[in-house]
Amino acid sequence: MKADSDCTLKMAIDGPAASGKSIVGREIARRLGLRFLDTGTMYRAITWEVIRTDVSLDDACELTAMAAHANMQLVSSKDGDRLLLNGDDITDMLRLPEVDANVSAVSALSGVRRALVAQQRNIAANSGIVMCGRDIGTVVLPDAGAKIFLTASAEIRAKRRAIEAGQEHDLQRVLDDMRRRDKIDSEREDSPLHPADDATIICSDNLTVEDVVLQILSKVRAC
């Protein structure tokens, strides 16, 4: 059966912040007729809830309980998927600077990761999916039929994020935040960011989104 008609295919797309995982993953899912989940939005949702409720980032027990009891839903709208947390649409809060600044610290907590990984596996259990994050191929879906690791230089990724957030005037701060987040993500004890041994590594520095999509589709269809 060809990959683009295989509704059971599970694809893992990992990589650092602003490497293009979400936009590439969403397009791959559309072309293959699969569901798409950016697991980073789940960690961002918990981070926003932490900020909103003024819970201390040092309170690992409370953050773990928050993640374990979180009810997250993706709902379709004319403007794209919206994320509901406990019934509230928080989509527009997920890219706020304060969320960017704290999401790596929240996602580094083992209890939070365990709670959300369990939810992610449940979501992937029923049918094919393209799932992106930082530990999909290594932890969440280690048996995924296709594993991709997208990367790019910190400078390129910071520029992308600054443009996305309308913060071109503050590029150095965005770059500093990017490097700080890379360090936290790659050095955390639980599920650090690194390619799976059997992942295909793609550097997107000089590639368009379409270039990356075509490379991935070519690999998947060759399997």
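What counts and what doesn't
Think of each chain on its own: its residues are numbered from 1, step by step along the sequence as written. Reporting in this predicted model follows two pLDDT cut-offs: at least 70 for local features of residues, and 80 or more for side-chain atom pairs to be given and counted; totals over whole chains, interfaces and linings ignore these cut-offs and use all residues. Computation of side-chain values covers all heavy atoms of the structure but excludes hydrogens and water. Only DSSP runs of H or I with at least four residues qualify as helices, and only runs of E with at least two residues qualify as strands; both kinds are numbered from the N terminus onward. For a helix, the expected span equals 1.5 Å multiplied by the number of residues minus one. Exposure categories follow from relative accessible area, calculated using a 1.4 Å probe and restricted to protein chains: below 20% of the type maximum is buried, above 50% is exposed, and the middle band is partly exposed. In this context, the arc is that of the directions from the helix axis out to the C-beta atoms. Two residues form a contact once any of their heavy atoms are found within 4.5 Å. Points on a 1 Å grid over protein atoms alone make up a cavity when a 1.4 Å probe fits among them but cannot get out, and a pocket when they form an open set with protein on both sides within 12 Å along at least five of seven lines; lining residues each have an atom within 4 Å of a point. Grid points are joined across faces, edges and corners, and a volume is the space filled by probe spheres set on the points. Amino acids outside the nonpolar list (Ala, Val, Leu, Ile, Met, Phe, Trp, Tyr, Cys, Pro) and the charged list (Asp, Glu, Lys, Arg) are all regarded as polar, and Gly is one of them. Joining through side-chain atoms within 4.5 Å is the link that ties buried Ala, Val, Leu, Ile, Met, Phe, Trp, Tyr and Cys residues into a set, and such a set is a nonpolar core.

1. Some thoughts on the environment of Leu-214
In step 1: For Leu-214, the location among the structural elements is in helix α9 (residues 209–222).
In step 2: For the pair Leu-214 and Ile-28, spaced 186 residues apart in sequence, the C-alpha to C-alpha distance is 8.9 Å.

2. So, α9
In step 1: Spanning 14 residues, α9 covers 20 Å between terminal C-alpha atoms, matching the ideal 20 Å at 1.5 Å per step.
In step 2: Buried residues of α9: Val-212, Val-213, Ile-216, Leu-217 and Val-220, and no others. The buried residues of α9 occupy an angular sector of 130° when projected down its axis, which confines them to one face.
In step 3: If you follow the buried residues of α9, they end up packed against β1 (10–14), α1 (21–32), β7 (146–151) and β8 (200–203).

3. Some details on the layout of surface pockets
In step 1: If you add up the space inside the largest pocket, you get close to 840 Å³.
In step 2: Along the walls of the largest pocket sit 34 residues, with Ser-22, Ile-23, Asp-38, Arg-95 and Glu-164 positioned nearest its centre.
In step 3: For the lining of the largest pocket, the secondary structure elements donating two or more residues are α1, β2 (35–38), α2 (40–53), β4 (82–85), α7 (154–165) and α9.
In step 4: For the lining of the largest pocket, a count of residues per class yields 13 nonpolar, 9 polar and 12 charged.
In step 5: Each pocket or cavity is described by its volume, and for the second largest pocket that value is around 180 Å³.
In step 6: Contributions of two or more residues to the lining of the second largest pocket are made by β2 and β3 (72–75).

4. Overview of the nonpolar core
In step 1: Judged by nonpolar contacts, the single largest core of 33 residues is most densely connected at Ile-46, Met-72, Val-112, Leu-116 and Met-131.
In step 2: When residues of this core are assigned to their parent elements, the largest contribution, 6 residues, is made by α2.
In step 3: Other than its neighbours up to four places away in sequence, Val-112 contacts Tyr-43, Leu-63, Thr-64, Ala-67 and Val-106.
In step 4: Counting 20 residues, the second largest nonpolar core, distinct from the first, contains Val-130, Cys-132, Ile-202 and Leu-217.

5. A word on empty space enclosed by the protein
In step 1: Under the defined criterion, the tally for this structure stands at 2 cavities of 30 Å³ or more.
In step 2: Roughly 150 Å³ of volume is contained in the largest cavity.
In step 3: What lines the largest cavity is a set of 13 residues, among which Asp-100, Arg-161, Val-174, Asp-177 and Met-178 lie closest to the centre.
In step 4: Looking at the lining of the largest cavity, the elements with two or more residues in it are α4 (97–107), α7 and α8 (171–187).
In step 5: Broken down by element, the residue count for the lining of the largest cavity peaks at 6 residues, all from α8.
In step 6: When grouped by side-chain class, the residues that make up the lining of the largest cavity number 6 nonpolar, 1 polar and 6 charged.
In step 7: Here the second largest cavity is characterised by a volume of approximately 110 Å³.
In step 8: Around the second largest cavity, the lining comprises 13 residues; the ones closest to its centre are Gly-40, Tyr-43, Ser-107, Arg-113 and Arg-134.
In step 9: Secondary-structure elements contributing two or more residues to the lining of the second largest cavity are α2, α4 and α8.

The values reported here are purely geometric and, on their own, carry no functional implication.
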